Amino acid sequence: MRKVKLDEAQERLPELIEDAANGEDIVISRGDGADVRLVPVVEPERRPRKGGSLRGQVWMSDDFDEPLDDFVPYM
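Residues numbered from 1 in each chain as written. Predicted model: local features only at pLDDT ≥ 70, side-chain atom pairs only at ≥ 80, totals over all residues. Heavy atoms only, no water.

On the surface, Asp62, Asp63, Asp65 and Glu66 cluster together into a patch of negative charge. Turning to its location among the elements, Asp65 is positioned in the segment after β3 (35–38). Taking relative accessible area as the criterion, Asp65 reaches 63% and is therefore assigned exposed. (Patch = residues over 30% accessible without salt bridge, like charges linked within 9 Å, V, L, I, M, F, W, Y side chains within 5 Å. Areas by Shrake-Rupley, 256 points an atom, 1.4 Å probe, with all protein chains shown as cover. Salt bridge = Lys/Arg side-chain N within 4 Å of Asp/Glu carboxyl O. Lys, Arg positive; Asp, Glu negative; His and termini not counted. Charge placed at Lys NZ, Arg CZ, Asp CG, Glu CD. Helix = DSSP H or I, 4+ residues; strand = E, 2+ residues; numbered from the N terminus. Buried < 20%, exposed > 50% of the residue type's maximum accessible area, 1.4 Å probe, protein only.)

Below, the structure written as structure tokens:
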């Protein structure tokens, strides 16, 4: 992990971005003690969806679409 002060990071930002993109851990610190980490954005791996993967795990009650007793007076 490389720690860099804010004023140095402002001068060398393109270099720091390149190093972070190559996997180096870079921390930028301000004078008041606040630290931030410079990391590359990594897109999650997209896998194709597989239909029927929850078969047998999801069920629906037989009276699912029957009106609720609370709503009978309004019908």
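Let's shift gears to the pattern of salt bridges. Tallied over the full model, the rule gives seven salt bridges. Between Asp19 and Arg2 there is a salt bridge, with its nearest N and O atoms 2.5 Å apart. Taken together, the positions of Asp19 in helix α2 (residues 13–21) and Arg2 in strand β1 (residues 2–5) put the pair 17 residues apart, joining distant regions of the chain. The buried category is assigned to Asp19, whose relative accessible area is 19%. Notably, a salt bridge pairs Asp25 with Arg37, separated by 3.4 Å at the nearest N-O pair. One end of the pair, Asp25, is in the loop between α2 and β2 (26–29); the other, Arg37, is in strand β3, and 12 residues separate them in sequence. Taking the relative accessible area as the measure of exposure, Arg37 reaches 53% and is therefore exposed. Here the salt bridges do not stand alone but share partners, grouping Arg2, Asp19 and Glu24 into one network.

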